[in-house]
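Residue-level structural notes
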Amino acid sequence: MDFSDTREEAAFRAEARAWIQANAPTYLKPYLERSGFGSTNTGEYDTMAEAKQWQAKKAEAGWACLAWPKEYGGRGASPIEGVIWGQEEGVYGKLSGAFIIGHGMCGPTLMAYATEEQKEQYLPRLASGEEIWCQLFSEPHGGSDLAGLRTRAERDGDDWVINGQKIWTSGAQHSDYGILITRTDPTVAKHKGLTMFFLDMRSAGVDIRPIKQANGQSEFNEVYFDDVRIPDSQRLGEVGDGWRVSLTTLMNERLAIGGGIATGYPDLEELVRALPLGNGVALDNPAVRTKLADWHCKASGLRNTASRLITALSKGDTPGPEASIGKLVAGTMMQDIAKFALDLQGLGGVVVDPAVAEGSARFQAMLLRSPAVRIEGGTDQILRNIIGERVLGLPGDMRADKGIPFNEIPKGESR
Ligand SMILES: Cc1cc2nc3c(=O)[nH]c(=O)nc-3n(C[C@H](O)[C@H](O)[C@H](O)COP(=O)(O)OP(=O)(O)OC[C@H]3O[C@@H](n4cnc5c(N)ncnc54)[C@H](O)[C@@H]3O)c2cc1C
């Protein structure tokens, strides 16, 4: 791994930096610097409107969805250029939260399975932030075991009729479209009877109900389908091949959220340098220094693991399970650091108002957000299974329902 820019990369960085300096919404910088860990703060400005405006500006100048082909609203840039752009965009990248699922997962799935006409119609509007997309996968009975999902799609002429429920659908309330995985054949083994579609979220029969979270926000939703009609032309992949299509989405999900999760580490260092403790600051305390040293080592391990992923991408390889390692370690680390930072603050640790709390209440927000990091995009246990099976070569997880037709799998009373 060579961390220094090549001549071409340095030129790209300079171009990106100059454009950002000339165009970024600098009036938002003080708010964005203080926000993070799942809550983008734009002060008196409307976050979604600002996010859309920044995305549109980037798209117009060719700085949106850098790795996508130009004809679909991207730049045709290399993975390394994408990383350099992210480094240069810095805090303004926090405005991209509403687009992560669309850009990171739905776009690549459309690119792999939609018709040419559909790609030309939907991808540029997705890249520019004009339209937002969501991922309708998880259900009350199909989260980690996604293939156990129950939302049905039944053929009716040129349409499919959808009935069922999804849950934890991030951003559904702001979305124009969603990619939706359904069961089209319950008489075959669970992975084999699935089919993927994309749908207009304003279709008749779609009912979106936001879920209130512990941090007061409503990032995700329950989505109900009551005789929702989707034209067959909006099917992605073959009938019964939805599992394979979903793997494209899930692989891209791991890449989109696995590489650069915040851990709170440099933030903690900043906090302990200033936080009064005893006769000095927290950093003077040997116990605090020991903790800091541990997290410093972990943070550099994570950085190098992420660099290995980027190196694989830049060589045209498909990154393996290393993306799972990053998320597994970062999620727990974030939670531990947040707890420690709140303990250090004593009674001040319970103050959540950013205007008065230590460190603008970043660690309070981090503590409330961290359980979600350990669940979204694969829980800690599922990631451990992946690492155990695919990295360490341990025996596979027990799959008692393997090969059994879905409608013959015994179901408990509550199911
Ligand atoms: C912030 C956030 C955003 C999300 N956004 C979306 C979204 O936009 N779209 C979407 O479709 N979904 C979304 N999800 C849902 C997410 O994908 C699921 O929550 C996740 O896959 C876990 O599924 P589950 O909640 O059904 O838990 P379950 O699968 O029921 O798991 C419950 C517990 O059992 C453990 N477990 C399950 N199976 C095994 C096993 N084989 N071995 C060991 N332990 C196991 C799990 O680790 C967990 O601790 C989001 C979740 C969060 C937290």
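The structure under discussion appears in the preceding block.
Below: a short report on this structure. Nothing here was measured: the structure is a model prediction, and the numbers come from that model. (Residues numbered from 1 in each chain as written. Predicted model: local features only at pLDDT ≥ 70, side-chain atom pairs only at ≥ 80, totals over all residues. Heavy atoms only, no water.)

Topic: the overall build of the protein chain
Along the protein chain, the regular secondary structure elements total 12 helices and 10 strands. A compact globule built from 415 residues should have a C-alpha radius of gyration of about 22 Å, and the protein chain, at 22 Å, falls within 12% of that. Projecting the C-alpha coordinates of the protein chain onto the three principal axes gives extents of approximately 75 × 50 × 45 Å. Split into buried and exposed, the 415 residues of the protein chain put 45% on the buried side. (Helix = DSSP H or I, 4+ residues; strand = E, 2+ residues; numbered from the N terminus. Rg over C-alpha atoms; globule rule 2.2 N^0.38 Å. Buried < 20%, exposed > 50% of the residue type's maximum accessible area, 1.4 Å probe, protein only.)

A short note on the site of the ligand
Residues in close proximity to the ligand total 19 residues, the closest being Ser 138, Ser 144, Trp 168, Thr 379 and Gln 381. In the environment of the ligand, an oxygen atom lies 2.6 Å from a nitrogen or oxygen atom belonging to the side chain of Ser 144. Residue Asp 397 places a side-chain N or O atom 2.8 Å away from a nitrogen atom belonging to the ligand. Protein burial of the ligand: of its 970 Å² of free accessible surface, 69% is covered by the chains. Elements represented by at least two residues in the shell around the ligand include exactly β3 (159-170), α11 (362-373) and α12 (380-391). Across the shell around the ligand, the residue classes break down as seven nonpolar, nine polar and three charged. (Near = heavy atom within 4 Å. Polar contact = N/O pair within 3.5 Å; in protein donor to acceptor, adjacent residues only side chain to side chain. Areas by Shrake-Rupley, 256 points an atom, 1.4 Å probe, with all protein chains shown as cover. Nonpolar A, V, L, I, M, F, W, Y, C, P; charged D, E, K, R; others polar.)

Describing unusual backbone geometry
The phi torsion at Cys 65 lies on the positive side, around 40°, for a residue other than glycine. Of note in this structure, Asp 227 is not a glycine but carries a positive phi near 50°. As for its placement among the helices and strands, Asp 227 is situated in strand β7 (residues 220-231).

Some words on the pairing of strand β5 (residues 194-200)
The buried count for β5 comes to six of seven residues, which makes it a mostly enclosed element. For strand β4 (residues 177-183) and β5, the ladder comprises seven bridges, and the chain directions are antiparallel. Each residue of the ladder has a partner; that of Ile 181, found in β5, is Met 196. As judged from the two bridges shared by β5 and strand β8 (residues 235-236), these two strands associate in the antiparallel manner. Residue Phe 197 lies in a different strand from β8, and its bridge partner there is Arg 235. (Pairing = 2+ DSSP bridges.)

Some remarks on the nonpolar core
In this structure, Leu 110, Trp 133, Ile 179, Ile 181, Phe 198 and Leu 236 are the most contacted members of the largest nonpolar core, which totals 25 residues. Secondary-structure elements contributing two or more residues to this core are α5 (100-113), α6 (116-127), β4 and β5. When neighbours within four sequence positions are excluded, Leu 236 is seen to be in contact with Thr 109, Leu 110, Tyr 113, Ala 114, Ile 179, Met 196, Phe 197, Phe 198 and Val 245. Of all hydrophobic cores here, the second largest spans 24 residues; its members include Leu 268, Ala 299, Phe 340 and Ala 341. (Core = buried A, V, L, I, M, F, W, Y, C linked by side-chain atoms within 4.5 Å. Contact = heavy atoms within 4.5 Å.)

Thoughts on a nonpolar patch on the surface
A cluster of nonpolar side chains, namely Val 391, Leu 392 and Leu 394, defines an oily patch on the protein surface of about 290 Å² accessible area. Within the secondary structure, Leu 392 sits in the segment after α12. With a relative accessible area of 59%, Leu 392 lands in the exposed category. (Patch = residues over 30% accessible without salt bridge, like charges linked within 9 Å, V, L, I, M, F, W, Y side chains within 5 Å. Salt bridge = Lys/Arg side-chain N within 4 Å of Asp/Glu carboxyl O.)

Concerning the pairing of β3
A large share of β3 lies buried, amounting to nine of its 12 residues. Pairing of strand β2 (residues 152-156) with β3, which is carried by five bridges, proceeds in the antiparallel orientation. Within β3, the position partnered with Arg 155 by the bridge is Trp 160. Joining the antiparallel neighbours β2 and β3 is a turn of two residues, in which Gly 157 adopts a positive phi near 65°. Note: β3 against β7, 10 bridges, orientation antiparallel. Looking at the pairing, Lys 166 lines up with Val 223 of β7.

A closer look at the side chain of Thr 151
Checked against the element boundaries, Thr 151 lands in the loop between β1 (133-136) and β2. What makes Thr 151 buried here is its relative accessible area of 0%. A polar contact is formed between the side chain of Thr 151 and the backbone nitrogen of Gln 165, at a distance of 3.3 Å. Beyond its immediate sequence surroundings of up to four residues, Thr 151 is in contact with Glu 139, Ile 162, Asn 163, Gly 164, Gln 165, Lys 166, Thr 182, Arg 183 and Phe 225.

Some points on the state of the cysteines
A disulfide bridge is the covalent bond that connects two cysteines by way of their sulfur atoms. Per the stated rule, a full pass over the model turns up zero disulfides. Here Cys 106 is not disulfide-linked; the sulfur of Cys 134 is the nearest cysteine sulfur, at 6.8 Å. For Cys 106, a relative accessible area of 0% translates into the label buried. (Disulfide = S-S within 2.5 Å.)

A closer look at the pattern of salt bridges
Within the structure shown, the criterion is met by 25 salt bridges. Close ionic contact of Asp 176 with Arg 202 constitutes a salt bridge, the shortest N to O distance being 2.4 Å. Separated by 26 residues along the polypeptide, Asp 176 in the loop between β3 and β4 and Arg 202 in the loop between β5 and β6 (206-210) bring together distant segments of the chain. Asp 176 gets classed as buried once you look at its relative accessible area, which sits at 10%. Glu 376 is the salt-bridge partner of Arg 369, the closest N and O atoms lying 2.6 Å from each other. It is possible to trace a salt-bridge network through shared partners that takes in Asp 5, Arg 13, Arg 17 and Glu 88.

Let's talk about the packing of aromatic side chains
Under the defined criterion, the tally for this structure stands at 16 aromatic pairs. Relative to Tyr 45, the ring of Tyr 27 lies with its centre 4.9 Å away and its plane at 55°, an arrangement referred to as tilted. Within this pair, whereas Tyr 27 is found in the loop between α1 (7-23) and α2 (29-34), its partner Tyr 45 is found in the loop between α2 and α3 (47-60), the two being separated by 18 residues in sequence. Given a relative accessible area of 36%, Tyr 27 falls into the partly exposed group. Overall, the relative accessible area of 30% leaves Tyr 45 in the partly exposed class. (Phe/Tyr/Trp six-rings, centres within 6.5 Å; stacked < 30°, edge-to-face > 60°.)

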